[in-house]
Amino acid sequence: MINVTRPYLPDREKLNKCIDRIYETVWLTNNGPLVQELTARLQEYLGVENLLLISNGTSALQVAYKVLGISGHAITTPFSFVATTSSLVWEGIEPVFADINPETLCIDPSKIEEAITSKTTAIVPVHVFGNACDVEKIENIASKHRLKTVYDGAHAFGVKYKDRSLLSYGDAATLSFHATKLFHTIEGGAIIFKKKEDYEKARLMIKFGIDDTDSIVGLGINAKMNEFQAAMGLCVLDEMDIILKERAKLWHRYENELTKYVLIQKRTFQCTNNFSYFPVIFENEETMERMKKILNSAGIYPRRYFFPSLDSLEYLDVNSVQKKSDDISKKILCLPLYPGMSSLTQEQICSLIICNLENEMEE
Ligand SMILES: *Cc1c(COP(=O)(O)O)cnc(C)c1O
């Protein structure tokens, strides 16, 4: 069975050595040495400051909203993984959707401006499939209307925009290090803050609001990363070059084979590619469904990602449909892409899609 992705397992010997360190110190969590080492190495690798490791990517979003004092309404994209929206709702913030640009698949800045009201306190855009949002326009809108910006950068690990880390934009940007992501710590995440003072607030907030002298200085939660997560992260980080090289090869082969037959995401100018996903957009939902069935019967399981458009979530009770997001979400599939996927499998996926689309055109 070929799935859309497969978690990356690093060299076992190396992981054993990292775990030996945990056994020697018997320090399992609470900002241990491996978490500290991973923090330093990630800041260097990504070219960012004020990076705080978190237990998972969804908690990273929630902590970021809390630290920045976001309340009322936040304008966000309907075309994302459910956690972007559910984290807002969980924090008592009402998501207000602004439609996407159907080419870049990221939130459309002009639609953000239209959605601003007196209740708006923040913008929560997503760098969809690692593609940069229009960060300059969003920054202008945010400063004009005095709004906070939290980028959900769950897909944007290592991406540079204009030679600078894409994660350095916004008051905060979050990452997910879930097992299925490009870089992972089994479960995990991070927040990158623009301001040192926000980072300091968050550092206490994720450990129950307890400071370094053991005083309870404010409301907190438990959102710490543990040493076993960090051990996995350190070992995966050592192998990022191999991971990226393999992904790039597969990504470019898909691009070469399929662009004549399907639409692919338009990459933002001056934004690097981390090859984390290969989404393809079919002509309509029927064609997408047919292709999915054909691939499934060959044991290949692409994923409908993202589906459904989040404005249609029942627990939200939103009345207006975001047309572009709704349309794209119904006809998009992410194709299998992960290190270790054989070229034979990829050939099979491409030829199944191409043959069937060609047959369809002839009919
Ligand atoms: C994976 C993902 C998340 C959630 O991250 P977890 O680490 O699984 O909690 C949030 N937003 C987006 C866009 C994601 O893809």
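Definitions and limits used
Residues numbered from 1 in each chain as written. Predicted model: local features only at pLDDT ≥ 70, side-chain atom pairs only at ≥ 80, totals over all residues. Heavy atoms only, no water. Helix = DSSP H or I, 4+ residues; strand = E, 2+ residues; numbered from the N terminus. Rg over C-alpha atoms; globule rule 2.2 N^0.38 Å. Buried < 20%, exposed > 50% of the residue type's maximum accessible area, 1.4 Å probe, protein only. Contact = heavy atoms within 4.5 Å. Areas by Shrake-Rupley, 256 points an atom, 1.4 Å probe, with all protein chains shown as cover. Pairing = 2+ DSSP bridges. Polar contact = N/O pair within 3.5 Å; in protein donor to acceptor, adjacent residues only side chain to side chain. Axes fitted to C-alpha atoms, helices over the stretch in contact; angles between N-to-C directions. Patch = residues over 30% accessible without salt bridge, like charges linked within 9 Å, V, L, I, M, F, W, Y side chains within 5 Å. Salt bridge = Lys/Arg side-chain N within 4 Å of Asp/Glu carboxyl O. Near = heavy atom within 4 Å. 1 Å grid on protein atoms, 1.4 Å probe; cavity = no way out; pocket = protein on both sides within 12 Å on 5 of 7 lines; lining within 4 Å. Sits in = over half its atoms within 2 Å of the grid points. Nonpolar A, V, L, I, M, F, W, Y, C, P; charged D, E, K, R; others polar.

### Quick notes on the overall build of the protein chain
Here is step 1: Counting its secondary structure elements, the protein chain contains twelve helices and 14 strands.
Here is step 2: Expected size for 363 residues packed as a compact globule is a radius of gyration near 21 Å; at 21 Å, the protein chain falls within 12% of this value.
Here is step 3: Counting only C-alpha atoms, the protein chain reaches 75 × 55 × 35 Å along its principal axes.
Here is step 4: Across the 363 residues that make up the protein chain, the buried fraction comes to 53%.
Here is step 5: Of the contacts formed within the protein chain by residues at least 6 apart in sequence, a portion of 70% connects residues at least 24 apart.
Here is step 6: Approximately 16800 Å² of the protein chain is accessible, and the part contributed by carbon and sulfur atoms is 51%.

### Focus on unusual backbone geometry
Here is step 1: F306 follows Y305 through a cis peptide bond whose omega is 0°.
Here is step 2: Inspection of the secondary structure assignment puts F306 in the loop between β13 (300–301) and α11 (323–331).
Here is step 3: A cis amide bond, omega -5°, links F307 with the succeeding residue P308.
Here is step 4: For N50, which is not glycine, the phi dihedral falls at a positive 55°.
Here is step 5: As for its position among the elements, N50 is in the loop between α2 (33–46) and β2 (51–54).
Here is step 6: Owing to a relative accessible area of 9%, N50 belongs among the buried residues under this scheme.

### Points about the pairing of strand β5 (residues 120–124)
Here is step 1: Most of β5 sits inside the fold, with four of its five residues counted as buried.
Here is step 2: Pairing of strand β3 (residues 73–76) with β5 involves four bridges; the strand directions are parallel. From the neighbouring strand, A74 faces β5, where its bridge partner is A122.
Here is step 3: Taken together, the two bridges between β5 and strand β6 (residues 148–152) define a ladder with parallel strand orientation. Within β6, the residue paired with A122 across the bridge is K148.

### Remarks on the environment of L147
Here is step 1: Following the sequence through the fold, L147 ends up in the loop between α6 (135–144) and β6.
Here is step 2: Along the primary structure L147 and Q346 are separated by 199 residues, whereas in three dimensions their C-alpha atoms are 44 Å apart.
Here is step 3: Setting aside its immediate chain neighbours within four residues, L147 contacts I116, T120, T121, A122, I123, A142 and D171.

### A short note on the side chain of Q265
Here is step 1: The residue Q265 is located in the loop between β11 (263–264) and β12 (279–281) in this model.
Here is step 2: In this structure the side chain of Q265 is engaged in a polar contact, spanning 3.0 Å, whose partner is the backbone oxygen of V128.
Here is step 3: Dropping the residues within four chain positions of it, Q265 is found in contact with E103, T104, L105, V128, F129 and N131.

### So, the sheet that holds β2
Here is step 1: The seven strands are arranged β2-β10-β9-β6-β5-β3-β4 in an open sheet whose pairing can be described as mixed. Since the sheet does not close on itself, it has two edges, and those belong to β2 and β4 (94–97), each with one partner. Across the sheet, the mean angle from the axis of one strand to that of its neighbour is 25°, orientation sign disregarded.
Here is step 2: Against the sheet, α2 engages β2 and β9 (172–176), with an angle of about 130° to β2.
Here is step 3: Here helix α7 (residues 196–205) sits on the sheet in contact with β2 and β10 (189–193), set at roughly 20° to β2.

### Comments concerning a nonpolar patch on the surface
Here is step 1: A contiguous nonpolar patch, built from F81, V82, V89 and Y315 and spanning about 330 Å² of accessible area, is present on the exposed surface.
Here is step 2: By secondary structure assignment, the location of V82 is in helix α4 (residues 82–90).

### Observations regarding the site of the ligand
Here is step 1: Taken together, 15 residues sit near the ligand, with G57, T58, D152, S176 and K181 positioned nearest.
Here is step 2: Here G57 contributes a backbone N or O atom positioned 2.8 Å from an oxygen atom of the ligand.
Here is step 3: A distance of 3.2 Å is found between an oxygen atom of the ligand and a side-chain nitrogen or oxygen belonging to Y305.
Here is step 4: For the ligand, the cavity whose grid points lie within 2 Å of the majority of its atoms is the largest pocket.
Here is step 5: Those elements that provide at least two residues to the shell around the ligand are α3 (57–67) and α4.
Here is step 6: Residues of the shell around the ligand, tallied by class, amount to four nonpolar, nine polar and two charged.

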